[in-house]
Amino acid sequence: MLKIENLIVEAENKKIIDGLDLVLPAGETHVLMGANGSGKTTLGLGLMGSPEYLVNGSIKIDDQDLIKASADQRALAGLFLGFQHPQEIPGLNFRHFLRTSVNNVRRFRNQPTYSVFEFSKLIKKTAVSLGIDASMVDRNLNQDCSGGEKKKNELLQLLLSEPKFAIIDECDSGLDVDAIKVMTKVLKRLKSQGVGILLITHYERLINSLDIERSYLMTQGKILKSGHGKDLAKATLEFGYVS
Amino acid sequence: MSVKEQARIVGAEELSRLIGISQRVVKKISLAKGEPDWLLRFRLEALGFFSKMPLPDWGADLSRLTLSRIVSYLKTTPGSVRAWDQVPKSIRTTFERLGVPEAERKFLAGVGAQFESESVYQRLNEDLVNQGVTFCSLDEAVKLYPQVVKDYLGTIVSSSDNKFAALNSALWSGGSFVYVPDDVEVELPVQAYFRINSKNFGQFERTLIIAEPRARVHYIEGCTAPTYSEQSIHAAVVEVVAKESSKIRYTTIQNWSNNVYNLVTKRALAQKGSTVEWIDGNIGSMVTMKYPCVILAGKGARADILSLAVAGQGQEQDAGAKVIHLAPNTSANIVSKSISRDGGIATYRGLVKVEKEALGSKVSVNCDALLLDNYSKANTWPDIQVKNNRTSLAHEATVGQIDSDKIFYLMSRGISEIEAISLIVNGFIDDFSKELPMEYAVELNRLIQLEMEGSVG
Amino acid sequence: MVDIISIEKPGQHEFKIDFNSIQKIVFDLNCSGVRLDITSKQKITNSNLSVKLEVNHYQPDTHSKIIVKNVLKASRLELIGKISLPPGVVGSTTDFRCDSLLTDLGSAVKTVPAMNIGENKVKASHGVAVAQFNQEHVFYLMSRGLSKKQAENLLVRSFLR
């Protein structure tokens, strides 16, 4: 289980998240909604250990507190963040980068690492299943990619990282209908594998097609309301953020 | 030692070490090499320029390089080559990490005698001869092809161009001569003596490369592995002539030890429809001043200059590019990347000059400097001159540190901070390394990785 | 003749400079929180000008943005820029843009936008462009009934905006 207790996230002496609690059990999918500026993206970045924020409280994966861990240590512990604004890194070959990342995680878990050849096959296969052009993996990380393509690259990384808990921050924006269908399949598959997912989204179709155990409504850095299933999410979509 | 015995030693630098620089010395050198009169006069005239010309009052810090010190550098006692166990541990480790072959290590580290790769060189040479290409040392070219050398030597870089070109012109020895006849495209890059031969690491190398119309050749020199030199001044001159519709690429990577002043004049003349590419990597030396230059003298000629400068502790890399547009429809592309850390100073010094007659010129310049801490420096000094109203020119430069967002993104994927920085820096120099032959690129990436680990760890 | 302007108060500081009437101007940013905005747009006709422009950042969180646009006719312009960000000016930024349009063969421009950066926690950039009349644009305007001269004048105006 991912247990977040009394999380406080500050930047420039301002509290963006002020005392947030959240429990995400393995294999469950929770939806987080909130107006722009409510702190959803900051929550993801803060949980992942972004150096831009001062974070206090506790972030536990199965009783291991990650609050003092660096970002890479959190990844090794099984946390994954699908960025709302993925980085573009000139000159960094996507396939080389991802193999380094995946092998680091596997090494940490005492699993066998992938050779260049094995990984090349794996990444191409996975890319195709996501509707990503196979040539994308030979390019430089997110270079000259549209918003939608960058989001798909996030999903590709998500699948290959095999995390325990994944925070997906609006990775549906910029995706066409077919891509959303693929994303739905991916999230369902991960759920069946026991991955806990915190999904930040506005997309009704996505919410409808997934099994959601819990929904949250966030406002001004706090969870205002939470409820079982997807009722709260659907109500928010219908009636807006102002209660 | 008699003059005859002295003459057996390769290089005027050894002679001058023993005797000191003067007209008498230059005469002795020329005599020992059995040079024709015109070449002796060429050397003496250059010596005259050298003694009269001042040190440049711009560029890297040469304040400690007075004439008397230059002379004393030349006079360093022979046989001061070091023992293997005197080689700094960091250099030995670098050899290990870079996978430099055992046989090369001692030579590069300045231990023991020369490494002669005669047999390999022979085979390589035969390949080239079969293609109709002439490749030999410039000393040999003077003997074998005197007229050609006479026609071109000093025509692209005149002896009075600058003080160090003058020094080189007076004392030059070693260096390469490459001649490619009409329509011949040399398949394999021409590597100066497989990169490890003392001739290639001479103090005053002089290189002359000539491509006849429609010829194509790629010449490579230097190596990424740390190279020790007991000589503290390297003043090389490279002259390149690209005739009509020919293409010449000249790749250099230098990683001189941190006692070396590396002062090089490299210039190419590009005739109608030809292309000259300078790929210039400066990783070592204490001070480097080097501005590969292309003179676009013929219609439609093109210059491509790619420069990488890595300035670490105690280093000053003053490098850049020069392009002079003298003819219509000429184009130039300059890309410069520099990394400064641990107090290093990297300066991009560039000149783009589009003369009145060069109508229809197109120029693109991109300089990016990575500054890794606040005791290093990144400077740019681009001189941009356009003298006609039918030119399109764009010049962009940025200076900054590694974006912390990018480091965080990679770390969020389980990559350690050190590894993330290394990946990003290698990505930063990718524009440069992808133009290198595979083995060089791999070595360069590993070297940069080592340097980053050194500065971060 | 040198003009030295020392900026001692935080906030936005805007300056419009005419190259036809200055020779050397130096801006010293002596206070954190300064945002210096320099704009210099001019038509230079029948003149030879030599201008030196210096901006020195002396405090953290100082920002300079310089936009220069020149249209030259029978003129020569030499612009030497010098931007310094020494160690310590953390969080500062600078951007220098110089675009020149030469309208005739008698004109020439020399731009040297030098930068000396000693602090890594900054963002520094510059760009220089030398342009000519876009002949497709000229043709388009002429096809709409404008004379060549009118077309070029319009393009000069839009360049300087």
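Being a predicted model, the structure only gives us computed values, none of them experimental. (Residues numbered from 1 in each chain as written. Chains lettered and ligands numbered in written order. Predicted model: local features only at pLDDT ≥ 70, side-chain atom pairs only at ≥ 80, totals over all residues.)

Participant: Can you explain the interface of chain B and chain A? Please cite residues and give values.
Facilitator: Taken together, the contact between chain B and chain A spans 19 residues of the former and 23 residues of the latter. Only α12 (404–411), α13 (417–428) and α14 (430–433) of chain B provide two or more residues apiece to the side of chain B that touches chain A. Among the residues forming the side of chain B that touches chain A, the class breakdown is seven nonpolar, six polar and six charged. (Contact = placed C-beta atoms within 7 Å. Helix = DSSP H or I, 4+ residues; strand = E, 2+ residues; numbered from the N terminus. Nonpolar A, V, L, I, M, F, W, Y, C, P; charged D, E, K, R; others polar.)

Participant: Now, about the domain arrangement of chain B: what can you tell me, with residues and values included?
Facilitator: All names here are of chain B. The domain boundaries assigned to chain B delineate domain 1 (84–290) and domain 2 (404–457). Between domain 1 and domain 2, the contact holds 11 residues from the first and 10 residues from the second. When contributions to the side of domain 1 that touches domain 2 are tallied by element, the ones reaching two or more residues are α6 (89–98), β8 (247–254) and β10 (275–282). Ranked by residue count, the leading element in the side of domain 1 that touches domain 2 is α6, at three residues. For the side of domain 1 that touches domain 2, a count of residues per class yields six nonpolar, four polar and one charged. (Domains from an automatic or database assignment.)

Participant: Go over unusual backbone geometry, please, and point to the residues and values.
Facilitator: Keep in mind that most residues, glycine aside, have a negative phi and that most peptide bonds are trans. Even without a glycine there, the phi angle at Asp183 of chain B is positive, about 65 degrees. Assignment of secondary structure puts Asp183 of chain B in the loop between β2 (176–180) and β3 (190–191).

Participant: Explain the interface of chain B and chain C to me, using residue names and the numbers behind them.
Facilitator: Taken together, the contacts link 31 residues of chain B with 31 residues of chain C. Of all elements in the fold, only β18 (377–386) and β19 (391–400) of chain B reach the threshold of two or more residues within the side of chain B that touches chain C. Of the residues contributing to the side of chain B that touches chain C, the split by class is 12 nonpolar, 12 polar and seven charged. Two elements, β19 of chain B and strand β10 (residues 123–131) of chain C, share eight bridges in a ladder whose sense is antiparallel. By the bridge assignment for β10 of chain C, Val399 of chain B is matched with Ala124 of chain C. (Pairing = 2+ DSSP bridges.)

Participant: Run through the sheet that holds strand β3 (residues 29–34) of chain A, naming residues and quoting values.
Facilitator: Residues and elements named next belong to chain A. Here we have six strands laid out as an open sheet, ordered β6-β7-β8-β3-β9-β10, and mixed in their pairing. Strands with a single pairing partner mark the edges of an open sheet, and in this sheet they are β6 (79–82) and β10 (222–228). Taken over all neighbouring pairs, the strand axes of this sheet differ in orientation by 15 degrees on average, direction set aside. (Axes fitted to C-alpha atoms, helices over the stretch in contact; angles between N-to-C directions.)

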